[in-house]
Amino acid sequence: MNKTTIALFIIGCVVLGCASLYVDPQASMDAAYYHIMANQLEKGKGFTEPVIWHYLNKYNSLEHPVDYWMPLGIVLYYLTRFLTGAGGEVWLNIFIWAFLAVLIYQNVLRLTQSRFCAGVSFCIHILCGRNMFYLLTTDNIAFSAVLGYCYFGLLAAKESKWYLTAVSGGLIALLRIEGVIFAALGGLIEFYKTRRLKVLFLYICLVLLVLAPWVIRNMQVLKTPWSTNSKAIFLRSYAELFSEEFPGTLEHYLALGYKEILAQKLNGLWVGLLNLIVVPAQFIFFPVWLPGLVFLWKRGSKGFTLFFVLLFWLLCGLVFTHQAEKGTAMHISAFFYPCYAILSGLGLFTLIEQAQKRKRIYRFVGVFMVLWAFAMSAANIKILASNYAVDNSPYIRLFKTFSPDPGDKIASVYPVYVNFLTGCQGVTASKYNSAGPAFIAKKYGCNLIVTDERSSHPSKPSLDEWQIVGSHSVLVLYRLK
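Note that the coordinates shown come from a computational prediction; the quantities given were computed from them, not determined experimentally.

Asks: Talk me through the sheet that holds strand β4 (residues 409–412); I want residue IDs and the actual numbers.
Replies: With mixed pairing, the six strands of this open sheet are ordered in space as β2-β5-β4-β6-β8-β7. Pairing within the sheet leaves two strands with one partner each, and these edge strands are β2 (51–52) and β7 (466–472). Across five bridges, the pairing between strand β6 (residues 448–452) and strand β8 (residues 475–480) is antiparallel. Paired with T451 across the two strands is V476, which belongs to β8.

Below, the structure is given as structure tokens:
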């Protein structure tokens, strides 16, 4: 690395490090979950969840094997602790994102010989709009982006490096459940590029080798090689994920009626379009992306990245409809963020080169794009930080005034975050369980219940059996007598 790239890496780390001061690294449920599971590994408990946070499967105890989340992000955050400690996990994201920004700068510079356009791509990647908030939490945004950069770069290369594609595809599958699609299609594309069945066979073998540790663990613990949780496809609403009564059958889903199903799918396509394309484009970058696509097409690009964007747009809208609306589409978009930043630089270069008397105008456009990205990133950090503070602060304050014993078990609307704050095992007991929180608490042996006026079941625990031991704002804490 030369002095310029070293300087850019340091600038990226400084900008992201300063922005992280305004973000709670465990603000979201996903971020808190990764932190909790890294704790579990540190305690020697392996891939065992200390809470029941969904009802896609039936559980006999609060602590149970992981059967929904994928392991790679958990492992990476656990390993980071050896360097940064449990409080500094987010620095892994910062280093990855800054390093990616440097690679993007070098890529655009190599293709255009324009430091200005390469610098715009660098800045747009660092200042990534809404995703900047989630990047600065212990979520998997940075991991998705770096694997996506490698994966799509390999697919775009004229010379097949199928073995590297297999490794990156396998790692994506270990990062997110939909990563299996990346791994499978990568094999087909490498076969298309080489026209050799031997390559396809060896590709499959290498992917399976990458996945082998997780498959073996699943066979030993779950008695199945891969936990797909296919029942999630039959959710009639996202709320059913938290209902014990959810049957997860096709018949249950079709009873919704074709009109409502069609309306949900159309809304899913709209939400997917927003999260996969519009929001990463920060609403205004499309005019620059289009000439960027033309630039790549003229240089022999096969359009594999565009194919994946369109494919996952359809999948998010038509298959992962409710999950996509609640975060899946946003997380998938992270795989494409480096490609979008590169498109921005290439498109801007094309516009500048084609202009005769308007070159200064397009340079101003580049400056405006960076300023816009800064404004969007700052605004989203402020808005999302405020929104999550509203959600989380009552729990933080409640458990500052009342400290449960380590052996207490808590039924609540938000068991992942409650565990993050208290370390206590727990179960979700929301308004979507018709029996009420007391029934859920007794079923799973909980001696504490936290009700939340914003989303708790209207049926309150009976004061004949439960006593109020704490409250704050919208929360009430009950203990079994």
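Asks: Give me the lowdown on a nonpolar patch on the surface, citing residues and values where you can.
Replies: Taken together, F283, I284, F364 and F368 make up a surface patch of nonpolar side chains, about 400 Å² in accessible area. Looking at the secondary structure, you find F368 in helix α17 (residues 359–401).

Asks: Tell me about the side chain of T350, residues and numbers included.
Replies: As for its placement among the helices and strands, T350 is situated in helix α16 (residues 337–354). Among the residues examined, T350 registers a relative accessible area of 11% and is labelled buried. Residues within four places of T350 in sequence aside, it is in contact with P291 and F295.

Asks: So what's going on with the pairing of β4? Which residues, and what values?
Replies: Across four bridges, β4 lies against strand β5 (residues 425–428) in parallel orientation. Each bridged residue has a counterpart across the sheet, and for I410 the counterpart in β5 is G426. Since β4 and β5 lie parallel, the crossover through helix α18 (residues 415–422) that links them has a hand, and here it is right-handed.

Asks: Lay out unusual backbone geometry with the relevant residues and their values.
Replies: The phi torsion at F283 lies on the positive side, around 75°, for a residue other than glycine. Tracing the chain through its elements places F283 in the loop between α12 (258–278) and α13 (286–298).

Asks: Can you tell me about the confidence of the model for the chain, naming the residues and giving the values?
Replies: Taken over all residues, the pLDDT of the chain has a mean of 94, while the share at 70 or more is 99%. Confidence, expressed as mean pLDDT per element, reaches its minimum in the chain at α13 with 92 and its maximum at helix α8 (residues 162–175) with 98.

Asks: Describe helix α15 (residues 321–333), and please don't skip the residues or the numbers.
Replies: Relative to the 18 Å expected for 13 residues at 1.5 Å per residue, α15 spans just 15 Å between its end C-alpha atoms, considerably shorter than the ideal helical length. Bending of α15 peaks at approximately 65° at the position of G327. Burial analysis of α15 places 11 of its 13 residues in the buried class, the great majority of the element. Along α15, the residues that are buried comprise T321, H322, Q323, A324, G327, T328, A329, M330, H331, I332 and S333. In this structure, the buried side of α15 is in contact with α2 (29–42), α6 (131–135), α7 (141–156), α12, α14 (304–318) and α16.

Asks: Break down helix α10 (residues 197–221) for me, with residues and values.
Replies: For α10, with 25 residues, the first-to-last C-alpha span of 34 Å sits near the 36 Å given by 1.5 Å per residue. For α10, the complete set of buried residues consists of V199, L200, Y203, V207, V210, L211, W214, R217 and N218. Lining the buried residues of α10 we find β3 (64–65), α8 and α9 (179–194). Looking one or two residues past α10, K223 carries a phi angle of roughly 65°, positive in sign.

Conventions we followed
- Residues numbered from 1 in each chain as written.
- Predicted model: local features only at pLDDT ≥ 70, side-chain atom pairs only at ≥ 80, totals over all residues.
- Heavy atoms only, no water.
- Pairing = 2+ DSSP bridges.
- Helix = DSSP H or I, 4+ residues; strand = E, 2+ residues; numbered from the N terminus.
- Patch = residues over 30% accessible without salt bridge, like charges linked within 9 Å, V, L, I, M, F, W, Y side chains within 5 Å.
- Areas by Shrake-Rupley, 256 points an atom, 1.4 Å probe, with all protein chains shown as cover.
- Salt bridge = Lys/Arg side-chain N within 4 Å of Asp/Glu carboxyl O.
- Buried < 20%, exposed > 50% of the residue type's maximum accessible area, 1.4 Å probe, protein only.
- Contact = heavy atoms within 4.5 Å.
- Right-handed = clockwise from strand over helix to strand, strands pointing away.
- pLDDT = per-residue confidence, 0-100.
- Expected span 1.5 Å × (residues − 1).
- Bend = angle between axes of the 7 residues up to and from the residue.

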